[in-house]
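Read off the chains here:
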Amino acid sequence: MSRLRNALLAGTFAGALGLGIAPAALAQELSFSQVERGRYLATASDCVACHTDIEEGGKRYAGGRGLETPFGTIYSSNLTPDEATGLGRWSRDEFYRALNEGISRDGSHLYPAMPYPHFTKMSREDADAIFAYLRTLEPVTAEIPENALPFPLSIRMSVAGWKLLFFDKEGFAVDPDQSEEWNRGRYLVDALAHCGACHTGKNLLGADKEDEYLRGGTLDNWYAPNIRGGVNGGLADWEAEDIVRFLGEGRSRHTAPMQRMGEVVGLSTQHLRDEDLMAIAVYLKSLDDAPREEAETPSQARFETGEAIYFDNCAACHSADRSGVPYIFAPLDSSNKVTAEDPSTAIRIILGGARAQQTEAVPSQIAMPPFAWKLTDQQVADVVTYLRAASDRKAGPVSAGEVEDMRAHLQEK
Amino acid sequence: MTKHLPRVDVVLVGFGWTGAIFAEKLTAAGLDVLALERGPWRDTPSDFATTFAQDELRYYWRHGMFQEASQDTLTFRNNSAQTALPMRRWGSFLPGNGVGGAGVHWNGQTYRFLPSDFVARSHNEERYGPLPADMTVQDYGVTYEELEPHFDYFEKICGICGQAGNVNGETIEGGNPFEGMRSDQYPNPPMRMTFSQDRFAASARALGLNPFPVPSANMSRAYVNPLGLQMAPCTYCGFCEKHGCGNYSKASPQTTIIPVLMRRPNFGLRTNSEVLSVEKTPDGKHATGVTYVDTSGEVWFQPADIVILCAYPLQNTRLLLLSEIGAPYDPRTGEGVVGKNYCYQVMSSATVFFEDEYTNGFVGAGALGMVVDDYNGDNFDHSGLGFIGGGYIACGTTNARPIESHPVPEDVPRWGSAWKKAVRENFLKTTSVGVHGASMAHRSNYLDLDPTYKDVWGRPLLRMTYDFTLNDRRLTEHLTPVAEEIARGMGGAHVKVNARRGSYDSKPYQTTHNTGGTIMGTDPASSVVNRYGQSWDLPNLFVTGAGLFPQNAGYNPTGTVGALAYWSVDAIINQYLPDPGPLVRP
């Protein structure tokens, strides 16, 4: 309790210096309930993931994590209220402008690695609450490395052009025809959790393609699957309850979050309220997708080769009939990773292995071992081809070249 | 130069099953706990993943999971008249090493000892009269009834698969009719049996015996344990013993406790850290911590309020002797306690060779089997037999690992084309009925420090003086024919009896069920620790593991080791912490 009070006092003091507002007024804004709300919203927005140098064991919210984008590495900023290197001198208006317009305190443009195209939908009230929470953090002095971007992207003004093309500063519009729950889910998905940052396909300049909304996207050689529902989406086979458990406990009948999504569940969604997770589920389930194009069928010989590789290497855990062990070993007969148009994730997991996210509810850390040393590019391609062809929703063959590229990428890392 | 580290509440020496159990309960009670493990960190995907877990060369032949004899071994002799020599390669038993200890590479057979096993002296003397003077058999000081809740909890932590025979006094068909009263069923149903078990059960029933499924820590179905940890169904691959399980299907510290423990901020683990000695206050009445050495040769003193020895029994005994805690046992006078009542087990078997039927022994699991308990403990009348105790008789299909397992009939040459032909003919058509015989303590079997041989740190090696006793010989001679009779009733063409005769031989593998040396009991003159595992000499020193057994029963020990660990840690939390001091006044 005393730590919280001290943090509140520190925040008040810093705020008073930076803003010239009467401390009493600010103290009222930093009420317990507002800070609590801000903490929850910051968690829902998963700020901590990008703004903590997790790889180097950095302090929470002190920034410095290198975010690899197709254009270069961008380092996240320090969100603690440190005067020199953090948000110490920021006003809540400036903070809101950063979320809403992608403009920094000094008026420069923020790179859209900061997902303000999503946060622009966030309400002023919520942005203020997040700011209030961030003011209570212990100030950490942390200089952020220079971004590693090529010219002309290294010039922040280049972002202005990008924004002109791709950034719509539009607030969140409630759809009166939909339920309150649905609207809450949409707000969580779009304005806070920014699911589309990974799950929506991007154009060549890294902006969301509107017609690809939540239809799956590629990020750092992971393919974030299609998370639309309906009868054709990637979550068509998932019940709303599966989505809630996946996000809240880190397990569902279908799969477990791992690596990138594991981080999201570990840091963010497992801490959200069940009714918010259900709202997300209801919203995602409501989004149908266009029927898939009929997939090319592999030759019988290739199918059988892949099946034999599967039986020898995969069946012990994932079952001979690919039904897996729900909640432990993913069923592969209906996996949206296996049947994604882009097979990157399936290839990557086979080559490099994966570990299920440990959560408060499920502390197990069940892992799949890497097969890169054991299977050739052709063998991996064959087994993925088999799985895609044998699945309920069929997907086309995979070439050894795709595996070779992924292997090269993983070796670089 | 020894460097001093900051104090912790509890330091654990060794981080296998018992270390994980103590650490989990003590950290949950809010104590700062540090475990020191001599071997490396080990986990499923990195150290025994499905992609290479079945590497028999690496794990069995090259001893991938075991203590390295070049790091530390012991010397062995059959009796005091001989000169002990170092065991330079393991044979008869395989001590574990590394995080998870032998709990990583065990088979998973998880029995409870019988109620009469815990009162072996008083029970047998009451029924049969005084035991021979040299049989140093003792009561545990703790009863089955006291341990029952802890057996139950350990079974739930492990997800043991079995068929209860006695729940709250109600006899249940298909279970073990001789077992002590259970408060609950097993958490999971028995494993699926194979051809061999079906034949064994039919033959045993025809002889009026009571077959039941071996209680198994290999999962018959998916399971979530009380700590929220997930286990997957066993695939019956037959690589349990000597191997880690890559499928999360075998209960081990890694699958059932460690992932929860590693998240707790009040738990610490230092691997590759070998404890050299337990340190004491100048008056010798309290432990102050332990001294350990890391891989760089740096020596550290780790102070702690409570020291708990969780290493293998042989290692715990040696550590007490090296630390000069407790009086070393002297077989000439029968006085002293540390190293006393070292026991083993007496194993025999009958192999059945079928002609036209397939046993397919490669479809196996470490604890896949049917078993009869009619000849175990005091489940049968020993009047006039000249021995006490017994053993279970079981038909397990644990494996057909090809380097290790290629049984051939007796008349086949040991090598050459005739041998190869016989291996080919019999590989899929054999099974075995084994006798798992108890070993009763004897005055002449004990552990002490070797006068000649030293380890890499210059400390004397442990010396084992052991031979099968008259009791052991009579026991195995009585039980092996029963196994043979069951085997002959299984419909095979030929039965080969592998009797245990002659002196104990430390070379061929028999079992890693070494017990005693740090025995528990009711009297400081005859035991190292009291009924809670607390040292009679240093009240803040506890010892756990099978070294507590005053004599060995006719079962695999892990179930009882687990129950004793939970019993002991419960006493620490609920009795010792509120009022530190001796929990039993002699």
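What you are looking at is a predicted structure, and each value in this text was computed from that prediction instead of being measured. (Residues numbered from 1 in each chain as written. Chains lettered and ligands numbered in written order. Predicted model: local features only at pLDDT ≥ 70, side-chain atom pairs only at ≥ 80, totals over all residues.)

Peer 1: Just to check I follow, could you spell out the overall build of chain B for this structure?
Peer 2: Across its full length, chain B holds 12 helices and 24 strands. Here the C-alpha radius of gyration of chain B, 23 Å, is about what a compact globule of 586 residues would show, namely 25 Å. When the backbone C-alpha atoms are referred to their principal axes, chain B occupies close to 70 × 55 × 50 Å. The buried share of chain B, taken over its 586 residues, is 58%. Nonlocal contacts in chain B, meaning residues at least 24 apart in sequence, comprise 75% of its contacts between residues at least 6 apart. (Helix = DSSP H or I, 4+ residues; strand = E, 2+ residues; numbered from the N terminus. Rg over C-alpha atoms; globule rule 2.2 N^0.38 Å. Buried ≥ 20, exposed ≤ 12 C-beta atoms within 10 Å, placed from the backbone. Contact = placed C-beta atoms within 7 Å.)

Peer 1: Sorry if this is basic, but what is going on with the overall build of chain A here?
Peer 2: Tallying secondary structure elements over chain A gives 18 helices and 6 strands in all. Here the C-alpha atoms of chain A give a radius of gyration of 23 Å, agreeing with the 22 Å that 2.2 N^0.38 yields for 413 residues. The dimensions of chain A, computed from C-alpha atoms along their principal axes, are 75 × 45 × 40 Å. Expressed as a percentage of its 413 residues, the buried residues of chain A come to 46%.

Peer 1: Just to check I follow, could you spell out the sheet that holds strand E17 (residues 369–372) of chain B for this structure?
Peer 2: Neighbouring strands of a sheet are bound in pairs by backbone hydrogen bonds; such pairs are parallel or else antiparallel. All names here are of chain B. The strand order across the open sheet formed by 6 strands is E8-E17-E18-E19-E16-E22, and the pairing between neighbours is antiparallel. Looking at which strands have only one partner, the edges of the open sheet turn out to be strand E8 (212–213) and strand E22 (494–498). Helix-sheet contacts for helix H6 (residues 195–206) involve E17, strand E18 (391–396) and strand E19 (430–437), and the interaxial angle to E17 is about 15°. (Pairing = 2+ DSSP bridges. Axes fitted to C-alpha atoms, helices over the stretch in contact; angles between N-to-C directions.)

Peer 1: Where do I start with the interface of chain B and chain A in this structure?
Peer 2: How big an interface is tends to be reported as the loss of accessible area on association of its parts. With 19 residues of chain B at the interface, the matching set in chain A holds 19 residues. Contributing elements (two or more residues each) for the side of chain B that touches chain A: helix H2 (44–47) and helix H8 (258–261) of chain B.

Peer 1: Is there a simple way to explain helix H14 (residues 300–313) of chain A in this structure?
Peer 2: The α-helix winds at 3.6 residues per turn, so residues separated by three or four positions along the chain end up facing the same way. Residues and elements named next belong to chain A. Given a rise of 1.5 Å per residue, 14 residues ought to cover 20 Å, and the 20 Å separating the end C-alpha atoms of H14 matches this to within 8%. Those residues of H14 lying buried are Gly306, Ile309 and Tyr310. Taken down its axis, H14 places every buried residue within 100° of arc, on the same side. Exposed residues pointing more than 90 degrees away from the buried face of H14 are listed as Gln300, Ala301 and Asp312. Looking at the buried residues of H14, the elements they touch are helix H15 (315–318) and helix H17 (377–390). (Expected span 1.5 Å × (residues − 1). Arc of directions from axis to C-beta.)

Peer 1: What exactly am I supposed to notice about the domain arrangement of chain A here?
Peer 2: Residue and element names in this part refer to chain A. Domain annotation of chain A identifies domain 1 (2–166), domain 2 (180–286) and domain 3 (300–412). Counting from both sides, the interface comprises 20 residues of domain 1 and, opposite them, 19 residues of domain 2. Elements with a minimum of two residues in the side of domain 1 that touches domain 2: helix H3 (32–44), helix H4 (47–50), strand E1 (66–69), helix H6 (116–119) and helix H8 (157–166). Per-class residue counts for the side of domain 1 that touches domain 2 are 13 nonpolar, 4 polar and 3 charged. (Domains from an automatic or database assignment. Nonpolar A, V, L, I, M, F, W, Y, C, P; charged D, E, K, R; others polar.)

Peer 1: Hey, could you run me through unusual backbone geometry in this one?
Peer 2: Excluding glycine, residues mostly carry a negative phi; peptide bonds, for their part, are mostly trans. The phi torsion at Gln259(A) lies on the positive side, around 45°, for a residue other than glycine. With respect to the helices and strands, the residue Gln259(A) is situated in helix H12 (residues 259–267). According to the C-beta neighbour criterion, Gln259(A) is partly exposed, with 18 such atoms within 10 Å. Phi at Lys242(B) takes a positive value of approximately 75°, unusual for a residue other than glycine. Its place among the elements puts Lys242(B) in the loop between strand E10 (230–231) and helix H7 (253–256).

Peer 1: Where do I start with the nonpolar core in this structure?
Peer 2: Across soluble globular proteins, you tend to see nonpolar side chains buried next to one another. If you look at the biggest cluster of nonpolar residues, it comprises 244 residues, and the most contacted ones within it are Ile243(A), Ile280(A), Leu12(B), Val13(B), Ile308(B) and Ile393(B). Per-element accounting of this core gives the leading share, 10 residues, to helix H12 (residues 558–576) of chain B. Sequence-distant contacts of Ile243(A), that is, excluding residues within four places in its chain, are made with Leu235(A), Trp238(A), Ile280(A), Ala281(A) and Leu284(A). (Core = buried A, V, L, I, M, F, W, Y, C linked by C-beta atoms within 7 Å.)

Peer 1: In this structure, what is going on with the pairing of strand E2 (residues 72–75) of chain A? I would like to understand it.
Peer 2: A regular strand carries its side chains on alternate faces of the sheet. Residues and elements named next belong to chain A. Across 4 bridges, the pairing between E1 and E2 is antiparallel. Counterpart to Gly66 in the pairing with E2 is Tyr75. As consecutive antiparallel partners, E1 and E2 are separated by 2 residues.

Peer 1: How should I be thinking about the environment of Asp237(A) in this particular structure?
Peer 2: All names here are of chain A. Looking at the secondary structure, you find Asp237 in the loop between strand E4 (222–224) and helix H11 (240–249). We classify Asp237 as partly exposed; it has 18 C-beta atoms within 10 Å. Placed 95 residues apart in sequence, Asp237 and Ala142 show a C-alpha to C-alpha distance of 45 Å. Once residues lying within four places of it in the same chain are set aside, the contact partners of Asp237 are His254 and Ser334.

Peer 1: Any chance you could explain the sheet that holds strand E20 (residues 446–454) of chain B here in plain terms?
Peer 2: Residue and element names in this part refer to chain B. Strand order in the open sheet made by the 4 strands is E5-E4-E21-E20, with mixed pairing throughout. Two strands bound the open sheet, and with one partner strand each, they are strand E5 (85–86) and E20. The sheet contact formed by strand E4 (residues 74–77) and strand E21 (residues 460–465) spans 4 bridges and is parallel. Counted as the bridge partner of Leu74 is Leu462 from E21. The sheet strands contacting helix H9 (residues 313–322) are E4, E20 and E21, and the helix crosses E20 at an angle near 70°.

Peer 1: Where do I start with the confidence of the model for chain B in this structure?
Peer 2: Any region with low pLDDT has predicted coordinates that should not be read closely. Predicted confidence across chain B gives a mean pLDDT of 97, with 100% of residues reaching 70 or more. Taken together, the chains of this predicted complex give a pTM of 0.92 and an interface ipTM of 0.88. (pLDDT = per-residue confidence, 0-100.)

Peer 1: Whenever I open this one, the packing of H3(A) against helix H7 (residues 124–135) of chain A confuses me. Can you help?
Peer 2: Two packed helices can be described by the angle between their axes and the distance between those axes. Residue and element names in this part refer to chain A. Where H3 contacts H7, the two axes come as close as 7 Å, and the packing angle between them is 100°. Our classification of the angle between H3 and H7 gives roughly perpendicular. Where H3 approaches H7, its residues Gln34, Val35, Arg37, Gly38, Arg39, Leu41 and Ala42 are matched on the opposing element by Asp126, Ala129, Ile130, Phe131, Ala132 and Tyr133. Of the residues assigned to the contact of H3 with H7, the class counts are 8 nonpolar, 2 polar and 3 charged. (Parallel < 35°, antiparallel > 145°, perpendicular 65-115°, else oblique.)

Peer 1: I'm lost on the packing of helix H1 (residues 17–28) of chain B against H12(B) in this one. Help?
Peer 2: All names here are of chain B. Relative orientation of the contacting elements H1 and H12 amounts to 30°, with a least axis distance of 9 Å. With respect to their mutual orientation, H1 and H12 come out roughly parallel. Considering only the axes of H1 and H12, their crossing is right-handed. Here H1 contributes Trp17, Thr18, Ile21, Phe22, Lys25 and Leu26 to the contact with H12, which in turn contributes Thr558, Val561, Gly562, Ala565, Tyr566, Val569 and Ile573. (Left-handed = near helix turned anticlockwise from the far one by under 90°.)

Peer 1: Could you clarify how one ought to interpret the confidence of the model for chain A in this entry?
Peer 2: Taken residue by residue, chain A gives an average pLDDT of 89. The fraction at 70 or more is 92%. For the stretch residues 1–25 of chain A, pLDDT sits under 50, and the model shows 29 contacts to residues farther than four places along the chain or on other chains.

Peer 1: In this structure, what is going on with H9(B)? I would like to understand it.
Peer 2: Residue and element names in this part refer to chain B. The element H9 is extensively covered by neighbouring structure, given that 9 of its 10 residues are classed as buried. Three or more residues of H9 are buried, namely Pro313, Leu314, Gln315, Asn316, Thr317, Arg318, Leu319, Leu320 and Leu321. Phi turns positive one or two residues past the end of H9, at Glu324, with a value near 55°.

Peer 1: Looking at this structure, I do not really get the environment of Ile388(B). What am I missing?
Peer 2: Residues and elements named next belong to chain B. As for its placement among the helices and strands, Ile388 is situated in the loop between E17 and E18. Measuring from C-alpha to C-alpha, the distance between Ile388 and Asp472 comes to 8.9 Å, with 84 residues separating the pair along the chain. Ignoring any residue separated from it by four or fewer positions in sequence, one finds Ile388 in contact with Asn124, Tyr128, His382, Met440 and Asn471.

Peer 1: Sorry, what's going on with the environment of His150(B) here?
Peer 2: All names here are of chain B. Relative to the assigned elements, His150 resides in helix H5 (residues 144–158). On the neighbour-count criterion, His150 (21 C-beta atoms within 10 Å) is buried. In this view, His150 contacts Ala563, Tyr566 and Trp567; residues no more than four positions away in its chain are not counted.

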